[in-house]
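This is what each chain is made of:
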Amino acid sequence: MSAPRADQRVRETLRNQRIELPSWAFGNSGTRFKVFAQPGVPRDPFEKIADAAQVQRYTGIAPLVSLHIPWDTVEDYGKLAEHAAALGVSIGVINSNTFQDDDYRLGSVCHPDPAVRRKAIEHLKDCLRIMAATGSDALKLWFADGINYPGQDDLTDRQRRLADALDEVYDALTGEQRILLEYKLFEPAFYATDVPDWGTAYAHTLRLGPKAKVVVDTGHHAPHTNIEFIVAFLIAQGKLGAFDFNSRFYADDDLMVGAADPFQLFRIMNEIVLADAVTPDSGIGFMLDQCHNIEPKIQAQIRSVLNVQEATAKALLVDRDALALAQREGDVLGANAILMDAYNTDVRPLLADLRVEMGLDPDPVAAYRRSGYLEKVIDERTGGVAAGWGA
Ligand code: AOS
Ligand code: ZN
């Protein structure tokens, strides 16, 4: 392909990339030690969506917002969807919450008591109704279920309870609805988690059928796990449903994606580019799952979107023909150098130029800071209770 045509193809792909923002990133958050409240934080889901729309306004590639139920409970979901549409965004994935109720001390869908399992399943079915009302087509399931001590419960029986619950929710899906099953190595359970890894999530989604896929949260693995291998494997099996992007230094830190290990993010996006899965027609969701405990939230979301975009641009620049040749010839170092050349390319001028083509400011963070939006909402959002975990 000629250089100008290749450049056009890269730009076209980047223009059509879509990143989904988590509503909870705009609320107050913290660690178990302290939540530091920030001025101007949204007080309800409508204001969270208004903040998310700012990220879309300056990046042009983040028009979806994930909701979290019950944190984003409203009386009229149709009205919330209309509000989003008026601001140029729409509702993405609905995140269920079966971890913040006293009843869930011993788990939710894996709980030993059938009455608690029933309560959790009914919540998941409620989420399906919220999806129908908001235009969302995906339900994200993250189960905090697990046990803290050997012997506390029967591991195999818990898997059976999990399977029964998943079967019931799967059977309740209508139309285009699908479920996304997220895995996590540990936390809040410390000895055994019921969906601890991609293999468990894969096995359950495989049994369920084509409307169930796996979510890869980049913060949910043991240190040094090769996440891009998991990504490549799941794509090849048609089972990669979505990402929850974030960065980790130690555990599930939920820091900005690309902050801890930009090379890992590049390697992941390289697998996505190889599978021709960057744009929405791939059916794969590219969501952020982050909390901004000490940094300004809207700005951090903009930065995160740009980090994913930069990693994607670098992955798109890999010279695929030269790489294929080097791989065929067994040129170990040559192949590695081709990949590293792309990773080491400064794609910021290309992306600035692309933004101008898209009618955006070339520097989204600077444009947002100049806009005075944060100062305006700090003035406006007085009274009421700032949103946060559990709000
Ligand atoms: C929790 O660790 C997971 O990452 C979930 O995706 C969760 O629903 C989300 O982080 C909001 O708490
Ligand atoms: Zn997550």
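This one's a predicted model, so the numbers in the text were calculated from it and none came from an experiment. (Residues numbered from 1 in each chain as written. Chains lettered and ligands numbered in written order. Predicted model: local features only at pLDDT ≥ 70, side-chain atom pairs only at ≥ 80, totals over all residues.)

A. Spatial organisation of unusual backbone geometry. In this structure, Pro70 follows Ile69 across a cis peptide bond, with omega equal to 20 degrees. With respect to the helices and strands, the residue Pro70 is situated in the loop between strand E2 (64-68) and helix H3 (77-86). Note the cis peptide between Glu187 and Pro188, where omega equals 10 degrees. By the secondary structure assignment, Pro188 is in the loop between strand E6 (178-182) and strand E7 (192-193). Positive phi outside glycine occurs at Asp254, with the angle close to 55 degrees. Judged by local crowding, Asp254 falls into the buried class, with 23 C-beta atoms found within 10 Å. (Helix = DSSP H or I, 4+ residues; strand = E, 2+ residues; numbered from the N terminus. Buried ≥ 20, exposed ≤ 12 C-beta atoms within 10 Å, placed from the backbone.)

B. Representation of the site of ligand 1 within the structure. Ligand 1 sits among Trp24, His68, Asn95, Trp142, Glu182, Lys184, Asp217, Asp244, Asp252 and Asp289. Taken together, the residues that form the shell around ligand 1 break down as two nonpolar, two polar and six charged. (Near = placed C-beta within 6 Å. Nonpolar A, V, L, I, M, F, W, Y, C, P; charged D, E, K, R; others polar.)

C. Layout of the environment of Tyr77. Within the fold, Tyr77 resides in helix H3. Taking the C-beta count within 10 Å as the criterion, Tyr77 has 23 such neighbours and is therefore assigned buried. Tyr77 sits 56 residues away from Ala133 along the chain, and the two C-alpha atoms are 5.7 Å apart. Once residues lying within four places of it in the same chain are set aside, the contact partners of Tyr77 are Ile130, Ala133 and Thr134. (Contact = placed C-beta atoms within 7 Å.)

D. Here's a closer look at the nonpolar core. Val65, Leu139, Leu180, Leu181, Val214 and Val216 are the most contacted members of the largest nonpolar core, which has 96 residues in total. Examining the composition of this core, we find that ten residues originate from one element, helix H9 (residues 297-316), more than from any other. Not counting residues within four places of it along the chain, the set of residues in contact with Leu180 comprises Val93, Ala138, Leu139, Lys140, Leu141, Lys213, Val215, Gly241 and Ala242. (Core = buried A, V, L, I, M, F, W, Y, C linked by C-beta atoms within 7 Å.)

E. Summary view of H3. Along H3, the positions that sit buried rather than exposed are Tyr77, Leu80 and Ala84. The buried residues of H3 occupy one face: seen down the axis, they fall within an arc of 55 degrees. Among the exposed residues of H3, those pointing more than 90 degrees away from its buried face are Gly78, Lys79, Glu82 and Ala86. In the core, the buried residues of H3 are packed alongside helix H2 (45-59), E2, strand E3 (90-95) and helix H4 (114-134). One or two positions beyond H3, positive phi appears at Gly88, with a value near 85 degrees. (Arc of directions from axis to C-beta.)

F. Examining the packing of helix H8 (residues 262-274) against H9 more closely. Where H8 meets H9, the closest approach of the two axes is 8 Å, and the angle between their N-to-C directions is 55 degrees. On the basis of their axis angle, the class for H8 and H9 is oblique. Regarding H8 and H9, the two cross each other, and that crossing is right-handed. Contacts between H8 and H9 involve Pro262, Leu265, Phe266, Met269, Asn270 and Val273 on the former and, on the latter, Asn307, Ala311, Thr312, Lys314, Ala315 and Leu316. Class assignment of the residues belonging to the contact of H8 with H9 gives a composition of eight nonpolar, three polar and one charged. (Axes fitted to C-alpha atoms, helices over the stretch in contact; angles between N-to-C directions. Parallel < 35°, antiparallel > 145°, perpendicular 65-115°, else oblique. Left-handed = near helix turned anticlockwise from the far one by under 90°.)

G. Structural view of the environment of His123. Within the secondary structure, His123 is located in helix H4. In sequence terms His123 and Arg32 are 91 residues apart; their C-alpha atoms lie 26 Å from each other. When residues no more than four places from it in sequence are discounted, the contact partners of His123 are Ser96 and Thr98.

H. Examining the UniProt feature "domain: Xylose isomerase-like TIM barrel" (unreviewed entry) in the protein more closely. The UniProt entry lists residues 77-271 under the feature "domain: Xylose isomerase-like TIM barrel" (unreviewed entry), expressed in the numbering used here. The span residues 77-271 is 41% helical and 16% strand by assignment, and the distance between its end C-alpha atoms comes to 36 Å. (UniProt positions renumbered as here; feature names shortened; annotations may be inferred.)

I. Representation of the packing of helix H1 (residues 3-15) against H9 within the structure. Two elements in contact, H1 and H9, have axes whose closest approach is 10 Å; the angle formed by their N-to-C orientations is 150 degrees. Our classification of the angle between H1 and H9 gives roughly antiparallel. For the pair H1 and H9, the crossing hand works out as right-handed. Mapping the contact onto sequence places Val10, Thr13 and Leu14 in H1 and Gln309, Thr312, Ala313 and Leu316 in H9.

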